[in-house]
Amino acid sequence: MSTSVPVHAVEQIVLDGLSKTYASSDGEVIALSPTSLTIEPGEFVAVVGPSGCGKTTLLQTVAGFVTPTTGSVTVGGTPVAGPNPDRGVVFQSPTLYPWLSVRGNVEFGPRARGEKRAARKARALEALDLVGLKDFADKRPYELSGGMQQRAQIARVFVNNPRIVLMDEPYSALDPFTREQLQVQLLELWQRERKTIVFVTHSVEEALFLSTRVIVMSARPGRVIADRKVELPGDDQPGVRSLEVLGTPELAAQKAELARLILEAHG
Ligand SMILES: Nc1ncnc2c1ncn2[C@@H]1O[C@H](COP(=O)(O)OP(=O)(O)OP(=O)(O)O)[C@@H](O)[C@H]1O
Ligand SMILES: [Mg+2]
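The residue numbers shown here count from 1 along each chain, following its written sequence. Chain A is the first chain written and ligand 1 is the first ligand written, with later ones labelled in order. It should be noted that, the model being predicted, local features are given only for residues of pLDDT at least 70 and side-chain atom pairs only at 80 or more, the latter also being counted only at that level, while totals for whole chains, interfaces and linings use all residues. Side-chain measures here rest on the full set of heavy atoms in the structure, leaving out hydrogens and waters.

*Asks:* Explain the nonpolar core here, please?
*Replies:* The nonpolar side chains of soluble globular proteins are, as a tendency, buried together. Residues grouped as a nonpolar core are buried Ala, Val, Leu, Ile, Met, Phe, Trp, Tyr and Cys residues, joined through side-chain atoms within 4.5 Å. Three exposure classes are used, based on accessible area relative to the maximum for each residue type with a 1.4 Å probe and protein chains only: buried under 20%, partly exposed in between, and exposed over 50%. Membership of the largest hydrophobic core comes to 48 residues, with the highest contact counts inside it found for Phe-44, Met-167, Tyr-171, Leu-186, Ile-197, Phe-199 and Val-214. An automatic or database domain assignment supplies the start and end points of every domain. Residue-level mapping places this core at the junction of two domains, with at least three residues from each of domain 1 (7–86 + 163–266) and domain 2 (97–161). Membership of the second largest hydrophobic core comes to 23 residues, among which are Leu-58, Val-62, Val-80 and Ile-164.

*Asks:* Explain the coordination of the magnesium ion (ligand 2) to me, please; I cannot follow it from the model alone.
*Replies:* Six octahedral donors around a metal ideally make angles of 90 or 180 degrees; four tetrahedral donors ideally make 109.5 degrees. The rule for donors is simple: N, O or S, within 2.8 Å of the metal, or within 3.2 Å if the metal is Na, K or Ca. Water isn't counted, so a site may look like it is missing partners. At this site the magnesium ion (ligand 2) is bound by Thr-56 (OG1) and Gln-92 (OE1), with donor distances of 2.0 to 2.4 Å. Of this pair, Thr-56 sits in helix 1 (residues 55–63) while Gln-92 sits in the loop between strand 6 (87–90) and helix 2 (102–112), and the two are 36 residues apart along the sequence. Judged by relative accessible area, which is 29%, Thr-56 ranks as partly exposed. Where helices and strands are cited, they refer to DSSP runs of H or I of at least four residues and of E of at least two residues respectively, numbered from the N terminus.

*Asks:* When you look at the site of ligand 1 in this model, what are you seeing that I'm missing?
*Replies:* The nearness test applies per residue and asks whether one of its heavy atoms lies within 4 Å of the molecule or strand. The full set close to ligand 1 counts 15 residues, and Ser-51, Gly-52, Lys-55, Thr-56 and Thr-57 are the nearest of them. Throughout this description, a polar contact denotes any pair of N or O atoms lying within 3.5 Å of each other; where both atoms belong to protein, one of them has to be capable of donating a hydrogen while the other can accept it, and for residues adjacent in sequence the pair is counted only when both atoms sit in side chains. Within the contact set of ligand 1, an oxygen atom lies 3.1 Å away from a backbone nitrogen or oxygen of Cys-53. Here an oxygen atom of ligand 1 sits 2.8 Å away from a polar atom, N or O, in the side chain of His-202. The Shrake-Rupley method, run with a 1.4 Å probe sphere, supplies the accessible areas, and residue values consider only the shown protein chains as cover. About the coverage of ligand 1: the protein hides 67% of its 640 Å² of free accessible area. Elements with a contribution of two residues or more to the shell around ligand 1: strand 2 (27–39) and helix 1. Broken down by element, the shell around ligand 1 gets its largest block of residues, 3 residues, from helix 1. Class assignment for the residues of the shell around ligand 1 results in 5 nonpolar, 7 polar and 3 charged. Three categories are distinguished: nonpolar for Ala, Val, Leu, Ile, Met, Phe, Trp, Tyr, Cys and Pro, charged for Asp, Glu, Lys and Arg, and polar for the others, with Gly belonging to the last.

*Asks:* Got a minute to help me understand the pattern of salt bridges in this structure?
*Replies:* For this document, the term salt bridge refers to a Lys or Arg side-chain nitrogen within 4 Å of an Asp or Glu carboxyl oxygen. Enumeration according to the criterion identifies 15 salt bridges in this entry. Here Lys-195 ties to Glu-193 by a salt bridge, and the two come within 3.0 Å at their closest N and O atoms. By relative accessible area, Lys-195 is classed as buried at 1%. In this structure, Glu-205 and Lys-255 form a salt bridge, with 3.1 Å as the shortest nitrogen-oxygen distance. Within this pair, whereas Glu-205 is found in helix 6 (residues 204–210), its partner Lys-255 is found in helix 7 (residues 249–265), the two being separated by 50 residues in sequence. Several salt bridges share partner residues, and in doing so they unite Glu-43, Arg-213, Asp-227 and Lys-229 into one network.

*Asks:* Could you clarify how one ought to interpret the sheet that holds strand 4 (residues 70–75) in this entry?
*Replies:* Strands pair in a sheet through their backbones, by hydrogen bonds, and they do so in one of two ways: parallel or antiparallel. What the 4 strands build is an open sheet, ordered 2-1-4-5; its pairing is antiparallel. Either end of the sheet is taken by a strand with one partner, and the two such strands are strand 2 and strand 5 (78–79). Strands qualify as paired when DSSP identifies two bridges or more between them. Examined bridge by bridge, strand 4 and strand 5 share 2 bridges and lie antiparallel to one another. Note on strand 5: the bridge partner recorded for Val-75 is Thr-78. The contact definition used throughout considers only heavy atoms, calling two residues in contact when any of these lie within 4.5 Å. The axes used here are C-alpha line fits, helices contributing only the stretch in contact, and every angle between their N-to-C directions lies in the interval 0 to 180 degrees. Of the strands in this sheet, strand 1 (13–24), strand 2 and strand 4 are in contact with helix 1, which crosses strand 1 at around 115°.

See the structure below:
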């Protein structure tokens, strides 16, 4: 993947000894063991690990929805004190407002910022077009399938043009065709705008295909067991990775190695 001039001044994310323990009816649950990570501006970081290992917790802490039990998260040197539209979040389950149309949902952010009606409508339709939902702009969320709701949620985040995009298994509910289409679109967007992306997934293949760096977490309580730079055939060529890279022995070898690490960490 070739580099391009950054459009936005993106910022460094630093997790320093970050951990999270939740109180529950059966006592405390350690969701995340102390984790230290630095994510550079413009990186595309994928986080993989078994269910319950703290991936959502980690992402939600960076987003500002979850407060750390120990340690800290800073973005551009400033401690995260709560959610901010500069850190767009695509949640694991779609969270659309049922009383608004699909377009109304996508326009929510621009409207809150006082953007003019015609301009925000045009941008919302553009964002919906990007995820293949332009024809569903006037529908209500309940009239969409789960995968379509998820795509609408993605449009709702990207319309705000956040500098950092935090995505929690955004494509797991999609059919393989739509998933590949959105993966390629995301790579194009990332290359064009060099946003910092943190992308949680269960799929080691998806992690490798999309990212420049994969973080592998152990089973609960999660800790980082591997942190790898991703280089795939064709990365030195202009343009985004092509889906053909999925069939290469290089990708297969890296996939096997990461899968082995995850398996070993399971004990
Ligand atoms: N609000 C909460 N209260 C209590 N425990 C919680 C809460 N949120 C998460 N947990 C617990 O913390 C652990 C990590 O949860 P988390 O949702 O971060 O995992 P995950 O890696 O995202 O899993 P999945 O892949 O299934 O989405 C789990 O054991 C979960 O039960
Ligand atoms: Mg999760």
